[in-house]
Each structure stands twice: as C-alpha cells, then as structure tokens.
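So you can see what is in the structure, the chains are spelled out below.
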Amino acid sequence: MKELELFKKDWKAKESGFPKLNQEALYALIWKRSSSIVKWLYYISIAEFVFWTALSILTKSAEQEEIIESMRLSTFISVLTIVNYSVLVYFIVLFYKNYKLVSYQSSVKELIQSILKVKKTVSQYVWFNLSMLAVATLGSLIGSILYGPESEAILEMAHQRENTFVFWGIIGLVVVVVIALAIGFLLLFYRLLYGILLKKLKRNYKELVKLEN
Amino acid sequence: MNKDLEHKFLIAFEAHQNIVHKICTLYAKDHDSHHDLFQEISIQLWKAYPKFRGDSKFSTWMYRVAINTAITQYRKEKKRIDVHDIDHVLFKTSAYEAYDKKEEEQLQLMYAAIKSLNDIDKALIFLYLEDKNYEEISETLGITEVNARVKMNRIKKKLKKILKP
C-alpha cells in the first residue's frame, strides 16, 4: 500500500519534532495529576460566586427592599452581605493559592500535604456557606415573626395562649426545621458540586501515600 | 520504588519518551488530551516499572504498557463522547521537510483514516509504523503471529476502503 508506506516514512521523520522532557520534568509530570482537579475547584468557586451574585442582583426589587425595611432587617442584611462577600473573596484567593501550590510542588510529600490543605479549604468553605445560610434564614424568620405582615396575628395568638412558653417552643421548632431543610438542600448541592472532585482528589492522595511508602 | 530504581526508570523513560508521544498522536483527539494521555501513560509506566523484570527490552515493555493505557483511556473517552470528528484532526507534518501539496494532502488523509480505526487496529498500525516485525507485534499485543498478520491485512483493506470508497 503506497500511501501507508509514504506515511510510514513521514512518521519516522516526525520523530525529532516532539517536545523533549528531561528527567526532572518527567518526574514532575507523574505527580501533577492533582493539579487539574484543584484547578477545577478554583474555577467552580468563581463560577459559584458569579452565579449567586448574579442571582441576587437579578432578583433584587424595590418591593423586596420595602419588605426588608419593614421587617427592620436592612442593617442585618447589609452587614451580612459585606461579611459574606469579603469572606467569599478571601476563599477564592485561597483556592487560587492552593491551585498554584499544588501545581509547583516537586516532591510527593509536599504534594500530599497540599492535597490535605485543599480538602481543608473546601470543607471550611462549605461550612462557612452553610452557617451564612443558617444565620440569614434565622434572621429573616425572626424578622418576619416580629415585624412581618403576619406578626400582629402571631403575637396576638401568643398572648391568648395560657402557656406562651409552649407556643414559642413550637415556633422555635418550626424555625429549626426550616433552617435544617435549607441547610440540607445546600449540603446536597455542595455534595454534588465538590464531592465528585474531592473523591477524585482523595483517590489520588491514597495512590500518592501508597507510592511514598 | 526506591531511589535507584526511580533513577533507572527516569533514564530509560527519558530516552524512549518519543514512543509515548507517538501513541498520543494516534489516540488523543486534540492537544490537551495529548498532554493528558502522555501524563496518564507516564503514571502507569511508573506504577508498573517495579514489576518489569527485564525479560524483554525496556522499549518492548514500554510499548505494551503504553498501548494498554491508551486503549483503556480511549474506551473511557469513547463512553463519554461517541462522536469522532475527522475534520478536526490536523496532522502536522515536520516543518523542515518540504512536501508538495498532493503528498501533504495524502498524508493528512491517511492520518485521518488511521485515527478513525478502532483502538486495537490503531495499536497494530502503530507498531507497523514503528517498523516492528510480526513476531514483535504479536509479543507486544499478546496475540499470535498468524492473528497479527491476518489483522494487519484486514486493516490495510479497511484503510484502502476509507481512502477510496
């Protein structure tokens, strides 16, 4: 087959065209698998940040502002927003630093340590977001019970009861259930989003530890 | 792996790294996946090296591990995306050699045809391009020599059919 022979000739000529890696570069390459996973963690953290910010900007309305105002939650929401965004930016910087750290690691031991650091950052990040959600939900629920459109009826009901303690107990229970549900949903979301990547990272980590031994 | 073995492996790998690159040009679909496959093969070679007894040549062993890894990866990819876009496959010919246009075109077509083969056929063609005889091909792929010959003839026919339908 003439065409195949021609191709074979060219195939051999191509030999010198490939990049040549030295021993250090080859060694580094073998340990670099984690870097792409950590890079994705960084990208996802930014995407998530953009997504939530866009969502809050798009859903912002004068009506909503009024409700917040009437529930006397303006200051609470503003402080929460400032804290939230500053910490999120801090986390994104942290994710970026992790990514750089893992990318330039040369020894197995250092890489193992970096992977542990990445896992810690992710879990801190998730916990921060969950607590923010809990605080925001708690604040809005208390605001709406005390100052919301139905608050007078609720307070009236509490007065009419002989045992106000039980009444507020039930309200408290409802609040806890609502917060638990909100956290549950977010946790599920994070499990899907970061769980898969962390699992891959864990597998790689195990492999590294095995090789190191 | 101890330091001595590590060192021995790196020296041999450095000398034969082109084998891995060439496999990647046949199995990877673009530049990024070329890099990923190169890395994956490097890792598998590294992991398998302590079991390499030296019964065969280092290069023969390397061919075997690298081809197996490429095939495994290829199957994983295949599960994800089942489309093969030949148009996007660009064959870069060596810059220093001046080909006439027709020859260049022929090379491109042949490259696209080889890339469209299945994973096993690709492995056979690869070893053929590497100038391996049937004995070496059968040893590397773990098939009989007769089987290798029969397969090779079939592949050549397939390629002909792709090139001149």
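Remember, predicted model here, so these are calculated numbers, not experimental data.

### So, the overall build of chain B
Across its full length, chain B carries seven helices and zero strands. Counting from the amino terminus, chain B carries its helices and strands in the arrangement α-α-α-α-α-α-α. Burial analysis of chain B (165 residues in total) assigns 28% to the buried set. Taking the intrachain contacts of chain B between residues at least 6 apart in sequence as the baseline, contacts between residues at least 24 apart amount to 62%.

### With respect to helix α1 (residues 3-27) of chain B
Ala15(B) marks the point of greatest bend in α1(B), at about 55 degrees. Taken residue by residue, α1(B) has Phe9(B), Phe13(B), Gln17(B), Val20(B), His21(B), Ile23(B), Cys24(B), Thr25(B), Leu26(B) and Tyr27(B) as its buried positions.

### Focus on unusual backbone geometry
We note that Asp131(B) has phi near 70 degrees; this positive angle belongs to a residue other than glycine. Along the chain, Asp131(B) turns up in the loop between α5 (119-129) and α6 (134-141).

### As for the confidence of the model for chain B
All names here are of chain B. Residue-level pLDDT values for chain B average 83, and 85% of them are 70 or greater. In the predicted structure, residues 81-97 sits below a pLDDT of 50 and forms 18 contacts with residues beyond four places in sequence or in another chain. The ipTM value of the predicted complex is 0.79, and its pTM value is 0.56.

### Quick notes on the interface of chain B and chain A
Size of an interface: often given as the accessible area lost when the parts come together. On the chain A side, the residues contacting the 22 residues of chain B number 22 residues. Mapped by element, the contributors of at least two residues to the side of chain B that touches chain A are α1, α2 (31-48), α4 (101-115) and α7 (145-163) of chain B. Counting residues per element, the side of chain B that touches chain A draws most heavily on α1(B), at six residues.

### Quick look at α7(B)
For α7(B), with 19 residues, the first-to-last C-alpha span of 27 Å sits near the 27 Å given by 1.5 Å per residue. Inspection of α7(B) places Ala148(B), Ile155(B) and Leu159(B) among the buried residues, and these make up the whole buried set. Seen from one end, α7(B) has its buried residues packed into an arc of 40 degrees, which puts them on one side. α7(B) presents Val146(B), Val150(B), Asn153(B), Arg154(B), Lys157(B) and Lys161(B) as exposed residues on the side facing more than 90 degrees away from its buried surface. On its buried face, α7(B) is in contact with α1 (2-13) of chain A together with α4, α5 and α6 of chain B.

### Quick look at the nonpolar core
Of all hydrophobic cores here, the largest spans 39 residues; its most connected members are Ile23(B), Tyr27(B), Ile41(B), Leu45(B), Ala66(B) and Ala70(B). If you list the elements that add at least two residues to this core, you get α1 of chain A together with α1, α2, α3 (58-80), α4, α5, α6 and α7 of chain B. No other element matches the eight residues that α3(B) contributes to this core. With 14 residues, the next largest nonpolar core counts Val38(A), Leu41(A), Leu111(A) and Val118(A) among its residues.

### Section: the packing of α1(B) against α2(B)
All names here are of chain B. For the pair α1 and α2, the least separation of the axes is 9 Å and the interaxial angle reads 140 degrees. When the axes of α1 and α2 are compared, the pair comes out oblique. Pair α1 / α2 crosses with right-handed handedness. For the pair α1 and α2, the contacting residues are Phe9, Phe13, Val20, His21, Ile23, Cys24 and Tyr27 in the first and His34, Leu37, Phe38, Ile41, Ser42, Leu45 and Trp46 in the second. By residue class, the composition of the contact of α1 with α2 is eleven nonpolar, three polar and no charged.

### Here's the deal with the packing of α5(B) against α7(B)
Residues and elements named next belong to chain B. In contact at an axis separation of 10 Å, α5 and α7 are set at 95 degrees when each is read in the N-to-C sense. Considering their axes alone, α5 and α7 lie roughly perpendicular with respect to each other. Contacts between α5 and α7 involve Asp121, Leu124, Ile125 and Tyr128 from the first element and Ala148, Lys151, Met152 and Ile155 from the second.

Rules behind the numbers
Residues numbered from 1 in each chain as written. Chains lettered and ligands numbered in written order. Predicted model: local features only at pLDDT ≥ 70, side-chain atom pairs only at ≥ 80, totals over all residues. Helix = DSSP H or I, 4+ residues; strand = E, 2+ residues; numbered from the N terminus. Buried ≥ 20, exposed ≤ 12 C-beta atoms within 10 Å, placed from the backbone. Contact = placed C-beta atoms within 7 Å. Bend = angle between axes of the 7 residues up to and from the residue. pLDDT = per-residue confidence, 0-100. Expected span 1.5 Å × (residues − 1). Arc of directions from axis to C-beta. Core = buried A, V, L, I, M, F, W, Y, C linked by C-beta atoms within 7 Å. Axes fitted to C-alpha atoms, helices over the stretch in contact; angles between N-to-C directions. Parallel < 35°, antiparallel > 145°, perpendicular 65-115°, else oblique. Left-handed = near helix turned anticlockwise from the far one by under 90°. Nonpolar A, V, L, I, M, F, W, Y, C, P; charged D, E, K, R; others polar.

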